[in-house]
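# Notes for the structure review
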Amino acid sequence: DQQVKQNSPSLSVQEGRISILNCDYTNSMFDYFLWYKKYPAEGPTFLISISSIKDKNEDGRFTVFLNKSAKHLSLHIVPSQPGDSAVYFCAATSGNTPLVFGKGTRLSVIA
Amino acid sequence: EAGVVQSPRYKIIEKKQPVAFWCNPISGHNTLYWYLQNLGQGPELLIRYENEEAVDDSQLPKDRFSAERLKGVDSTLKIQPAELGDSAVYLCASSSASGSYNEQFFGPGTRLTVL
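Throughout what follows, the structure given in this document is the object of discussion. (Residues numbered from 1 in each chain as written. Chains lettered and ligands numbered in written order. Predicted model: local features only at pLDDT ≥ 70, side-chain atom pairs only at ≥ 80, totals over all residues. Heavy atoms only, no water.)

## Let's talk about the overall build of chain B
Within chain B one finds zero helices and 11 strands. The secondary structure elements of chain B, listed N-terminal to C-terminal, are β-β-β-β-β-β-β-β-β-β-β. For 115 residues, the compact-globule formula gives about 13 Å, and the C-alpha radius of gyration of chain B, at 13 Å, lands near that figure. In terms of overall dimensions, chain B has a C-alpha envelope of 40 × 25 × 25 Å along the principal axes. Across the 115 residues that make up chain B, the buried fraction comes to 46%. Within chain B, contacts between residues at least 6 apart in sequence are counted, and of these 55% link residues at least 24 apart. With the model as given, the accessible surface of chain B reaches about 5700 Å², and the carbon-plus-sulfur share is 49%. For chain B, the centre of its 11 positive side-chain charges and the centre of its 14 negative side-chain charges are spaced 8 Å apart. (Helix = DSSP H or I, 4+ residues; strand = E, 2+ residues; numbered from the N terminus. Rg over C-alpha atoms; globule rule 2.2 N^0.38 Å. Buried < 20%, exposed > 50% of the residue type's maximum accessible area, 1.4 Å probe, protein only. Contact = heavy atoms within 4.5 Å. Areas by Shrake-Rupley, 256 points an atom, 1.4 Å probe, with all protein chains shown as cover. Lys, Arg positive; Asp, Glu negative; His and termini not counted. Charge placed at Lys NZ, Arg CZ, Asp CG, Glu CD.)

## Section: the state of the cysteines
Within the structure shown, the criterion is met by two disulfides over all chains. Two residues, Cys 23 of chain A and Cys 90 of chain A, share a disulfide whose sulfurs are 2.1 Å apart. The sign of the S-S torsion, about -70°, decides the handedness of the disulfide formed by Cys 23 of chain A and Cys 90 of chain A: left-handed. Of this pair, Cys 23 of chain A sits in strand E3 (residues 19-25) while Cys 90 of chain A sits in strand E9 (residues 86-93), and the two are 67 residues apart along the sequence. The exposure class assigned to Cys 90 of chain A is buried, which follows from its relative accessible area of 0%. The disulfide partner of Cys 23 of chain B is Cys 92 of chain B, and the S-S distance across this bridge is 1.9 Å. Across the S-S bond of Cys 23 of chain B and Cys 92 of chain B the torsion is about -70°, and the bridge reads as left-handed. Within this pair, whereas Cys 23 of chain B is found in strand E3 (residues 19-24), its partner Cys 92 of chain B is found in strand E9 (residues 88-95), the two being separated by 69 residues in sequence. What makes Cys 23 of chain B buried here is its relative accessible area of 0%. (Disulfide = S-S within 2.5 Å.)

## Here we look at the environment of Leu 115 of chain B
All names here are of chain B. Along the polypeptide, Leu 115 turns up in the segment after strand E11 (110-114). For Leu 115, a relative accessible area of 57% gives the class exposed. Beyond its immediate sequence surroundings of up to four residues, Leu 115 is in contact with Ile 12, Ile 13, Glu 14, Lys 15 and Leu 84.

## A look at the packing of aromatic side chains
Residue and element names in this part refer to chain B. Under the definition given, this model contains 12 aromatic pairs over all chains. Summarising the aromatic geometry, the rings of Tyr 35 and Phe 106 are spaced 5.3 Å apart at their centres and angled 45° between planes, so their arrangement reads as tilted. One end of the pair, Tyr 35, is in strand E4 (residues 31-37); the other, Phe 106, is in strand E10 (residues 105-106), with 71 residues separating them in the sequence. For Tyr 35, a relative accessible area of 0% corresponds to the buried category. (Phe/Tyr/Trp six-rings, centres within 6.5 Å; stacked < 30°, edge-to-face > 60°.)

## Points about the side chain of Gln 6 of chain A
Residue and element names in this part refer to chain A. Relative to the assigned elements, Gln 6 resides in the loop between strand E1 (4-5) and strand E2 (10-14). At 3.1 Å, the side chain of Gln 6 forms a polar contact with the backbone nitrogen of Gly 104. For Gln 6, the contacting residues outside a window of four places in its chain are Asn 22, Cys 23, Trp 35, Tyr 88, Phe 89, Cys 90, Gly 102, Lys 103, Gly 104 and Thr 105. (Polar contact = N/O pair within 3.5 Å; in protein donor to acceptor, adjacent residues only side chain to side chain.)

Don't take any of this as a statement about function, it's just geometry.
Right, here's the structure in full:
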């Protein structure tokens, strides 16, 4: 049973437009959420995180939104750039428990 | 600042053979993690070290997998004997926040192919 779900395996967006990557979770104990970006042949790189006490966190072109009642979070990238093309993983934890990762969404930004 | 270093980057072995992966974490990071990533999946934790102590190894298949982190710095993950289903990417990560799984820094991984 997947506790963290990324239901879109892939997403294509035009350069300059907004990319929205979605993530759903089932465990209500999760209180910290992270997004990682992964290029081919590299390890995942931390991108942005959000605590359950917030509903939004912004860092430059990247914004994460958290809807606790819906157990849903999303990553917005505005504007999207070709260098953003990568696999994005959503992960969740409840403090001192291991990160639970989703399966990832492959983002392709088309110039 | 150097990142997490892993070697080898790629390894091809025949089933039933032993294999070992090495990881050097970021300097000063006392927490080290080994993850398994199967194709099309997210990373799954195998073991977590706080310094030289394994504090979470509940997901490590102890019949064939073993790990060590002597002196609390470098770590080695071993599989003996390897099975076909062990083909995957093995990721090492480290963090400076003790007791927390936040903001881990990952190495490039070792891609294992078992024939």
